[in-house]
Number of protein chains: 2
Amino acid sequence: MNKERIREEASYTARGQPNIAFVKYWGKRDERLILPYNSSVSMTLDPSINTTTSVMFSEKFKEDTLYINRDRQDISGGEAKERFALINTLRELAHTDAKALIVSENNFPTASGLASSASGIATLAYAAAEALGLELSEKELSIIARQGSGSACRSILGGIVVWHRGEKPDGSDSFAEQVVNEGYWEELRDVVAIVSTDKKRVSSRAGMKQTVATSLLYRIRPQIAEEYAGVAIDAVKNKDFGRLAETIMRDSSNMHAVMLDTYPPIVYLNDVSVRVMYAIYELNKAEGRNVAAYTFDAGANAHIITLEKDAERVEEALDGIEGISRILKLHQGGGPVLLGSEKSLISNEILDSLYQARS
Amino acid sequence: MNKERIREEASYTARGQPNIAFVKYWGKRDERLILPYNSSVSMTLDPSINTTTSVMFSEKFKEDTLYINRDRQDISGGEAKERFALINTLRELAHTDAKALIVSENNFPTASGLASSASGIATLAYAAAEALGLELSEKELSIIARQGSGSACRSILGGIVVWHRGEKPDGSDSFAEQVVNEGYWEELRDVVAIVSTDKKRVSSRAGMKQTVATSLLYRIRPQIAEEYAGVAIDAVKNKDFGRLAETIMRDSSNMHAVMLDTYPPIVYLNDVSVRVMYAIYELNKAEGRNVAAYTFDAGANAHIITLEKDAERVEEALDGIEGISRILKLHQGGGPVLLGSEKSLISNEILDSLYQARS
């Protein structure tokens, strides 16, 4: 019995956010290191949807333990184990064998297509590095987050971010980098139309593997996306919204096209998503220029990228589309931040239960 | 006044059927001659869904006149005029300037995705050639039908048909040919799940032009489809249903993928189509082999290709899918046939009205 000792171990708590990809990541050239076939570009979102993660390392813990939204997770196998590998990488860097207790909460539904894995893994990598006293650069941290979930590496930074595909087999040049910070083009918004909170039919990890293995159209997706990434970065730097919007819409459809071309097909879009696509198309046509761009991740939720001055018109265009349960207007956000210890999610109850299990 | 004389002109009436493509046609390399980027393969359907067309040529008619399902059509411009060009080709072959009266009826809704243009144009070409006393080979007739509507050329023949893409700029080697007749693999069925009879949002003609112009994935669609066409023909000849089914499903998704990759996107599939895709996937998985293949033309209706012995299982799998209004089980059919004059759709009322217009 040494309860007091365990409670004295420090917990570190961080908060981070998802990102919405302007140019998508779909397909790995290396499954273990999570190296993508193409570079991708995203906008980190503001904290109105976020993940909070508390991490504590201790030699006293018998095993690694993970709670998400108060439910203890099985991390002994499958995708959970693969995602958890980044903790081993961090332990190696810190020369420790201490086991980790991780408690994470999303303020939005997990696996609803709101990129909870990206914010969760980015925040975990950030908090765990702090807990181990590692002083890592954003580049190093993004490489570690990447090994938990590809798109998570982009949530290590704020504003508009590029994840360079890289070329080296060891993945050392496949990292996330800020294109511009969240103040550079402050007017950018993501109007999110929540369409469904059902769990996804196919996980992104399994789905993209299937696409790479079976889609004949995927053969040229990487070069197309690489081109789109270059155009998107250029459009962001020049604040050319019309060009950015076209690239965002083209790339979203391009990714969902190779998903459909997968055998058996992967379909995340539904009738509501299609109605949103046509509504935005009609809005842009009526305005005579691109005032908005739809984009869909691996889920039916619609993300409408627009500028503050046009956000109201976008919300009006979405208004009355059957099947939309809620609309959120999100700004750009920064990378993960450390919260005060009073925000820790590691309760005495959880520590006690771990202790009981051990005794 | 010479009413009697006009009524003496002979009318010719033919009946023909749509075809369902196993490997799809989507994209022209020549818009005027309707030359495709890839070969396609189809099954001509039995007459339970059909088009009946009556044609009469007369020097007495002031202009060409077309009725579809009792409605007089405007053929002075647009797609209707382009489709009508095949009548000019036939007139040139027959060395006549006589104008045509054409009355056509589908026993299924026009533009519902049941390929009414294919059966309509094939039947028109066939009846018009008869009315002009032209003795054309099936190859010649398919080339003429092709100029009205690409996929119509395949409905000139029965059974399993290939439309060779051809290479010559004049289109003389882009024709339909029977792979095997309707008796060779008699057990093949098309179980059609009627999903919607709404008019299509985008016509195939306009849609495929847009795809060729804007989809980056389309760059490799022709070579993929050409490969699929070869596999499908081989599978038909060898009665290898498993291989045929995989090719049919892959090609359908491949076409709808390049449609989605079009800018702005073209989406014909809806939630019901997706439910059908998953139901067939589950059926095949449960059986441990491909017993059925879904395929979708430019519409939401599902065509499930299967064999007679498995058709009941397919109907059971479709049973209870919300959004399916009706299920048809179709066999293979032959090419267009000439009907007796008692089946003519050209009534005295129509002739009278044309005559009145002229006087």
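K.L.:
What exactly am I supposed to notice about the overall build of chain A here?
P.N.:
Tallying secondary structure elements over chain A gives 10 helices and 16 strands in all. The C-alpha radius of gyration computed for chain A amounts to 20 Å, which stays within 12% of the reference 21 Å derived for 359 residues, consistent with globular compactness. On the principal axes, the C-alpha backbone points of chain A span a range of 70 × 40 × 40 Å. Per-residue burial over chain A gives 51% buried out of 359 residues. When contacts within chain A are restricted to residue pairs at least 6 apart in sequence, those whose partners lie at least 24 apart make up 76%.

K.L.:
When you look at the interface of chain B and chain A in this model, what are you seeing that I'm missing?
P.N.:
When the parts come together, some accessible area is lost, and that loss is often what is quoted as the size of the interface. Taken residue by residue, the interface counts 22 residues in chain B and 22 residues in chain A. Only helix H7 (241–260) and helix H8 (271–287) of chain B provide two or more residues apiece to the side of chain B that touches chain A. Here the side of chain B that touches chain A is composed, by residue class, of 14 nonpolar, four polar and four charged.

K.L.:
Please explain the sheet that holds strand E5 (residues 40–44) of chain B as it appears in this structure.
P.N.:
Working definition: the strands of a sheet are paired by backbone hydrogen bonds and lie parallel or antiparallel to each other. Residue and element names in this part refer to chain B. Sheet architecture is open: four strands sit in the order E2-E5-E10-E11, paired in antiparallel fashion. Each end of this open sheet is capped by a strand with a single partner; those strands are strand E2 (19–23) and strand E11 (176–180). Strand-to-strand twist of the sheet, defined as the mean angle between neighbouring strand axes without regard to direction, takes the value 35 degrees.

K.L.:
Help me out: how do you make sense of the relation of the copies chain B and chain A in this one?
P.N.:
Two chain copies, one operation linking them: a rotation about an axis together with a shift along it. Superposing chain B onto chain A requires a rotation of 180 degrees together with a translation of 0.0 Å along the rotation axis, leaving an RMSD of 0.0 Å. The symmetry that links the two subunits is that of a two-fold axis. Considering only C-alpha atoms, the part of chain B nearest the rotation axis is Ala257 of chain B, at 2.1 Å. Both copies contact each other with a shared surface, as 100% of the interface residues of chain B are interface residues in chain A too.

Cut-offs used in this document
- Residues numbered from 1 in each chain as written.
- Chains lettered and ligands numbered in written order.
- Predicted model: local features only at pLDDT ≥ 70, side-chain atom pairs only at ≥ 80, totals over all residues.
- Helix = DSSP H or I, 4+ residues; strand = E, 2+ residues; numbered from the N terminus.
- Rg over C-alpha atoms; globule rule 2.2 N^0.38 Å.
- Buried ≥ 20, exposed ≤ 12 C-beta atoms within 10 Å, placed from the backbone.
- Contact = placed C-beta atoms within 7 Å.
- Nonpolar A, V, L, I, M, F, W, Y, C, P; charged D, E, K, R; others polar.
- Pairing = 2+ DSSP bridges.
- Axes fitted to C-alpha atoms, helices over the stretch in contact; angles between N-to-C directions.
- Least-squares fit on C-alpha atoms with pLDDT ≥ 70 in both.

Honestly, that's just the spatial picture; any functional story needs more than this.
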